[in-house]
Each structure stands twice: as structure tokens, then as C-alpha cells.
Amino acid sequence: MEAIVILVLGTIAVDTVINVESMPYTGGIVGTDSEKKYAGGSSANVSAALKVLGCDVRQAGAVAGDEFGKFLMDDLDDIGVDTSAVVVRENGVTLHTYIVVDRAGSNFIIANGGTCRKDIAVKELPPEILDDVDVFYTDMSWPETSIHLARECRKNGIKVVYNLQNVPTENSLETSAGIDKMLSLSDLFIVSRTTLLKYENTRSIEDALRSLTGAATLAEGAIVTLGDEGASWYVDEECIHVPAFSGMDVVDTTGAGDAYIAGVIKSHFMGGRSRERSMEFASRVASLKCSQRGPRLMDLDSERERSLLEL
């Protein structure tokens, strides 16, 4: 049986995690004795989690040829992610962030966008990028490239999963028109409640989702993640809600949503599980991530950790 391959296109970044006792107030000072550099970036976090869950992953995106870029490429190679579709721009600065995490696991992020934000030209991608791919996931950090690949996936029967991470701004590459186009090409749409309600400026998840997705035909519907309240999966007129799994001690919520997405892809698209069972599995994956420091789900070393994923 041929292995199922997942193509992931999106943010690759270096995350410096700074641990503090509590979040600072305006004008306040907080100290730290814990500062660590991690390989991160939302889409690369999804790739890393998929690898931990036993998937074959091909990463696409762009980094600079600086120290940060080398660090990220070495890390992806070390964990076994195929980096043949990552564009390395020799001059410039790779995206990097500073993530402040308090003892309750809450965080805020300061991002330096670097100089690799321009969209990836199709000619920069290897012509065989979609070979053997069964699922394409993107956070649309590079909109034109994401739409191009999604269109090709539609032609070739490859499932498309799209995660809207941020509301478009003057400094972002995403546009409302691009989001509409991406939605029209997607099978499954994933968005956090915070982003959804901010994008549509309403208090109702259902109204916001209906307005955002418009006439898009999402064969697998849409998932709205709700933080510590779990997630809801909307398809047709049905809503499946699964609460967050609370079996692990929370030390860092950074990357929990990325781990959740990996869990859904692994369980539903690769494992063929029902939506509800896939949400339960994904919730456990996210909980395991929250029990680990840093932005990524790491290898599961203990028997208890591994047993949590045996649904």
C-alpha cells in the first residue's frame, strides 16, 4: 500500500519562547530566566505534528539563507519532513517571532516578518510538488501560490484543507477576494473563533461563518476552534461540538491549534474516522502539545502519552 502524502504550504519561522510568571501590564516589568529558540511557524508546526503522528509530509514555503533559515531547514530535515519544495532566498531575513508565555500557559506573540514575505512564484516550485500527494494543507501565507496549488489539487482529486489564521491587513498578502477564491477551492475550512468574529465583526459564530463562506461548496464543511471550549464542526445544517480534552497539565498553549489541525488531517483524511471521532482525537493531540513547552508537538515518549491517542 502506498503511503499517504500531505503537502503543507505556509509559515516557517523561528520562535523564541520567553517564559514569565505573569503577563505584564502597561508600563510594567516582568522578569524571565527561561528563554529558548525553537523551530516553529504555523504550517511547519502542522508538518511536525503530522510527522509525530506517523504521516509522510512535504513542506513548502520560503526562508532566507540566513542563520534562522539554516536552523529551520536543518530542523525539518532532522525530523524527516521533505523540504524539496521550500524556497531558499539567499539574501534577506527569515520570519522570526518572540512568544511570551506565562505560568498558566497563556501567550502573546511579537512577529518580525523578515524579508521573505513576497509571494512564491509558481516557477520557483519543483514541477513534481504534487506527485503522490493526497491532502494539501495551507494557511495561505502565500496566497497566489496557495490558490494555484489548490486549483491543481481540485483537478487531480486531492483534498484541500484551508486554515484562515489572520484577518487581512494593509501589510498582509491576503485579501478578501483571495480568501473567497481559496474557500471556493477547499474541501475543509478551519478557523479560530477569535479570527472568525474579528473578520466578520459579529458575535454569532454561525452568522459569521455563513457570511464568510458565502457560496463556497465545502464538501467537508468548516471547523471553528474555540480554545479551551473545544471546537465545532459545521457541515450542511449539522453542528458537531466536541469539548477540549483536559487530561494533561497545561504549560504552553503555543501551537495547540496547529497540533489540532494535524490531528484532524491524520484521523479524518488518513484514518477515515468520523468527524466526531476525529475531533476527539485532535483534541487529545492538542492537549498533548499544551503539556509540552515550545510551539510544536514533540515525540511522545511516555506510555501514557501514546495511550491517549489510541482511540
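In this text, all values refer to a predicted model and were calculated from it rather than measured experimentally.

A.B. asks: What is the right way to read a nonpolar patch on the surface from this model?
C.D. replies: On the surface, Tyr98, Phe108 and Ile110 cluster together into a nonpolar patch covering about 260 Å² of accessible area. For Phe108, the location among the structural elements is in strand E7 (residues 107-112).

A.B. asks: What is the right way to read the sheet that holds E7 from this model?
C.D. replies: The pairing of strands in a sheet happens through backbone hydrogen bonds and is either parallel or antiparallel. Across the sheet, 4 strands lie side by side as E3-E2-E6-E7; this open sheet has mixed pairing. This sheet does not close on itself; its edge strands, each paired only once, are strand E3 (34-40) and E7. Adjacent strand axes in the sheet meet at a mean angle of 20 degrees, parallel and antiparallel pairs treated alike. Two elements, strand E2 (residues 13-19) and E3, share 7 bridges in a ladder whose sense is antiparallel. Directly across from Asn19, in E3, lies its bridge partner Ser34. The sheet contacts of helix H2 (residues 67-78) involve E2, E3 and strand E6 (96-101), and relative to E3 the element is tilted by about 65 degrees.

A.B. asks: Sorry, what's going on with the pattern of salt bridges here?
C.D. replies: One pass over the full model with this rule turns up 10 salt bridges. The salt bridge involving Arg103 is made with Glu21; its shortest N-O contact spans 2.9 Å. Here the residue Arg103 occupies a position in the loop between E6 and E7, and Glu21 occupies one in the loop between E2 and E3, the gap between them amounting to 82 residues. Residue class for Arg103 comes out exposed when judged on its relative accessible area of 65%. What makes Glu21 exposed here is its relative accessible area of 52%. We note a salt bridge from Asp75 to Arg296, for which the minimum N-O separation is 2.4 Å. One end of the pair, Asp75, is in helix H2; the other, Arg296, is in the loop between helix H8 (275-290) and helix H9 (303-308), with 221 residues separating them in the sequence.

A.B. asks: Got a minute to help me understand helix H7 (residues 256-270) in this structure?
C.D. replies: The periodicity of an α-helix, 3.6 residues per turn, causes residues three or four positions apart to be oriented the same way. Under the 1.5 Å per step criterion, the end-to-end length of H7 is 20 Å for 15 residues, consistent within 8% with the ideal 21 Å. Buried residues dominate H7, accounting for 12 of its 15 residues. One or two residues past the end of H7 sits Gly272, with phi positive at roughly 70 degrees.

A.B. asks: Looking at this structure, I do not really get the confidence of the model for the protein. What am I missing?
C.D. replies: Parts of the model with low pLDDT should not have their predicted coordinates read in detail. Within the protein, residue pLDDT values average 91, and 97% of them lie at 70 or more. When pLDDT is averaged over each helix and strand of the protein, the minimum, 77, is found for H9 and the maximum, 98, for strand E11 (residues 222-225).

A.B. asks: Just to check I follow, could you spell out the packing of helix H1 (residues 42-52) against H7 for this structure?
C.D. replies: Think of two packed helices as two axes; the pair is described by the angle between the axes and how far apart they sit. One can describe the packing of H1 onto H7 by two numbers: an axis separation of 8 Å at closest approach and a directional angle of 50 degrees. The orientation of H1 with respect to H7, classified from their angle, is oblique. Judged by the sense of rotation from one axis to the other, the crossing of H1 with H7 is right-handed. Two secondary-structure elements touch here, H1 through Ser42, Asn45, Val46, Ala49 and Leu50 and H7 through Asp258, Ala259, Ile261, Ala262, Ile265 and Lys266.

A.B. asks: I keep staring at the packing of aromatic side chains and nothing clicks. Help me out?
C.D. replies: Within a pair of aromatic rings, the relevant descriptors are the distance that separates the centres and the angle that separates the planes. Considering all chains together, one arrives at 1 aromatic pair under this definition. Taking the centre distance of 5.4 Å and the plane angle of 40 degrees together, the rings of Tyr162 and Phe189 count as tilted. With Tyr162 in strand E9 (residues 159-164) and Phe189 in strand E10 (residues 188-192), this pair connects stretches of sequence that are 27 residues apart. By the burial criterion, Tyr162 is buried, and Phe189 matches it. Looking at Lys37, its charged tip hangs above the ring of Phe71, at a distance of 4.5 Å from the centre. The cationic tip of Arg273 hangs over the ring face of Phe281; the distance from NZ or CZ to the ring centre is 5.1 Å.

A.B. asks: Can you help me understand the sheet that holds E10 in this one?
C.D. replies: Read across the open sheet, the 9 strands follow the order E5-E4-E1-E8-E9-E10-E11-E12-E13; overall the sheet is mixed. Among the strands making up the open sheet, the edge pair consists of strand E5 (82-89) and strand E13 (238-242). Ignoring strand direction, the axes of neighbouring strands in this sheet form an average angle of 15 degrees. Relative to E9, strand E8 (residues 133-138) runs parallel, the two being bridged by 4 bridges. By the bridge assignment, Tyr137 is partnered in E9 with Val161. Of the strands in this sheet, E9, E10 and E11 are in contact with helix H5 (residues 193-200), which crosses E10 at around 90 degrees.

A.B. asks: Please clarify how the pairing of E11 should be interpreted in this entry.
C.D. replies: Burial along E11 is two-sided: the face carrying Ala222 and Val224 and the face carrying Ile223 and Thr225 are both buried. Direction of pairing for E10 relative to E11: parallel, over a ladder of 4 bridges. Within the sheet, the bridge partner assigned to Phe189 lies in E11 and is Ala222. Summarising the sheet, E11 and strand E12 (residues 231-235) pair through 4 bridges and their orientation is antiparallel. Bridge pairing in E12 places Ala222 opposite Tyr234. Taking the residues that link successive antiparallel strands as the turn, the E11-E12 hairpin has 5 residues, and the phi of Gly227 there is positive, at about 65 degrees.

Cut-off values and rules
- Residues numbered from 1 in each chain as written.
- Predicted model: local features only at pLDDT ≥ 70, side-chain atom pairs only at ≥ 80, totals over all residues.
- Heavy atoms only, no water.
- Patch = residues over 30% accessible without salt bridge, like charges linked within 9 Å, V, L, I, M, F, W, Y side chains within 5 Å.
- Areas by Shrake-Rupley, 256 points an atom, 1.4 Å probe, with all protein chains shown as cover.
- Salt bridge = Lys/Arg side-chain N within 4 Å of Asp/Glu carboxyl O.
- Helix = DSSP H or I, 4+ residues; strand = E, 2+ residues; numbered from the N terminus.
- Pairing = 2+ DSSP bridges.
- Axes fitted to C-alpha atoms, helices over the stretch in contact; angles between N-to-C directions.
- Contact = heavy atoms within 4.5 Å.
- Buried < 20%, exposed > 50% of the residue type's maximum accessible area, 1.4 Å probe, protein only.
- Expected span 1.5 Å × (residues − 1).
- pLDDT = per-residue confidence, 0-100.
- Parallel < 35°, antiparallel > 145°, perpendicular 65-115°, else oblique.
- Left-handed = near helix turned anticlockwise from the far one by under 90°.
- Phe/Tyr/Trp six-rings, centres within 6.5 Å; stacked < 30°, edge-to-face > 60°.
- Lys NZ or Arg CZ within 6 Å of the ring centre and 35° of its normal.

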